[in-house]
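Notes for the structure review
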Amino acid sequence: MYEPIRSKSVHSTVAGGTSDFPHRSREEELDIQLAGHLATLLAATDELRAQAPSEELDTAAERLAEQVARLRGGRAPARLPAPAAPPAPHPAALHRRAHTLASRALVVAASRADTAVAILTAERMDAHAAALEPRELASR
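If you're wondering where the values come from, they're calculated on a predicted model, not measured in any experiment.

A separate point is the side chain of Thr-121. Relative to the helices and strands, Thr-121 is located in helix α4 (residues 115-138). With near-sequence residues (within four places) excluded, Thr-121 lies in contact with Leu-38, Ala-102, Ala-105 and Leu-106.

Set out below in C-alpha cells:
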C-alpha cells in the first residue's frame, strides 16, 4: 500500500555521525547556570554593600565570588566597585530580589549536588529573610 522511502532522511540521528557544534554535558550546563545565578546574587549583594556596608555582606560577597570563580574554571566574576553602584531606593525590594536569586541558585545547587553552594545560598536566603522581617512587621 505504501511505497518504501528511497531517499535519505532529512533528519539526522545522534548515533549516525558527528555534529558541527560542541555538546555540553548536563553537569557543564548546570555549572554554567549555577555560576550565572551566583553572579547575579553577587551583584545584588554588592548593591546592598554599597547601600549599607557591613562585614557580613563583605564576607558573603567574597564567598560568592569564590564559588563563581570555581564554577567558571578560575575566572573571577566581574564586579563593580562599591562606590560606583548607585544606591537603591528600596532596600526591602533589593533584599527580596536577593532572596529570590538565592533560592534559584539553591535549586540548581541541589540538582547538581553541590553542598558548599547549597549551604551558602541557604545562609543568604536566611540573611535576606531576616533583613526583611523588621520592615515587613513595621509596614503592617
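On we go.
We now examine helix α2 (residues 55-71). For α2, spanning 17 residues, the distance from its first C-alpha to its last is 25 Å, which sits close to the expected 24 Å at 1.5 Å a residue. Looking only at α2, the buried set comprises Leu-57, Ala-60, Ala-61, Leu-64, Ala-65, Gln-67, Val-68, Ala-69 and Leu-71. Where α2 terminates, the next one or two residues include Gly-73, which has phi positive at roughly 70°.

Turning our eyes to something else, we now look at the pattern of salt bridges. Enumeration over the complete set of coordinates arrives at 9 salt bridges. One salt bridge connects Glu-123 with Arg-63, and the closest N-O pair in it is separated by 2.7 Å. Taken together, the residues Glu-123 in helix α4 and Arg-63 in helix α2 connect sequence positions 60 residues apart. Put simply, Arg-70 and Asp-114 hold a salt bridge, and the shortest N to O gap is 2.5 Å. Linking Arg-70 in helix α2 with Asp-114 in the loop between α3 (91-111) and α4, this pair joins segments that are 44 residues apart in sequence. Given the relative accessible area of 42%, Arg-70 is considered partly exposed. Within this structure, Asp-31, Arg-70, Arg-112 and Asp-114 form a network of salt bridges that share partners.

Turning our eyes to something else, we now look at the packing of helix α1 (residues 26-51) against α3. Closest axis-to-axis distance for the α1/α3 pair is 9 Å, and the angle between their directions is 160°. The orientation of α1 relative to α3 falls into the category roughly antiparallel. Once α1 is placed against α3, the crossing between them reads as left-handed. Across from Arg-26, Leu-30, Gln-33, Leu-34, His-37, Leu-38, Thr-40, Leu-41, Ala-44, Glu-47, Leu-48 and Gln-51 in α1, the residues of α3 making contact are Pro-91, Leu-94, His-95, Arg-97, Ala-98, Leu-101, Ala-102, Arg-104, Ala-105, Val-108, Ala-109 and Ser-111. Here the residues of the contact of α1 with α3 sort into 14 nonpolar, 6 polar and 4 charged.

Conventions we followed
- Residues numbered from 1 in each chain as written.
- Predicted model: local features only at pLDDT ≥ 70, side-chain atom pairs only at ≥ 80, totals over all residues.
- Heavy atoms only, no water.
- Helix = DSSP H or I, 4+ residues; strand = E, 2+ residues; numbered from the N terminus.
- Contact = heavy atoms within 4.5 Å.
- Expected span 1.5 Å × (residues − 1).
- Buried < 20%, exposed > 50% of the residue type's maximum accessible area, 1.4 Å probe, protein only.
- Salt bridge = Lys/Arg side-chain N within 4 Å of Asp/Glu carboxyl O.
- Axes fitted to C-alpha atoms, helices over the stretch in contact; angles between N-to-C directions.
- Parallel < 35°, antiparallel > 145°, perpendicular 65-115°, else oblique.
- Left-handed = near helix turned anticlockwise from the far one by under 90°.
- Nonpolar A, V, L, I, M, F, W, Y, C, P; charged D, E, K, R; others polar.

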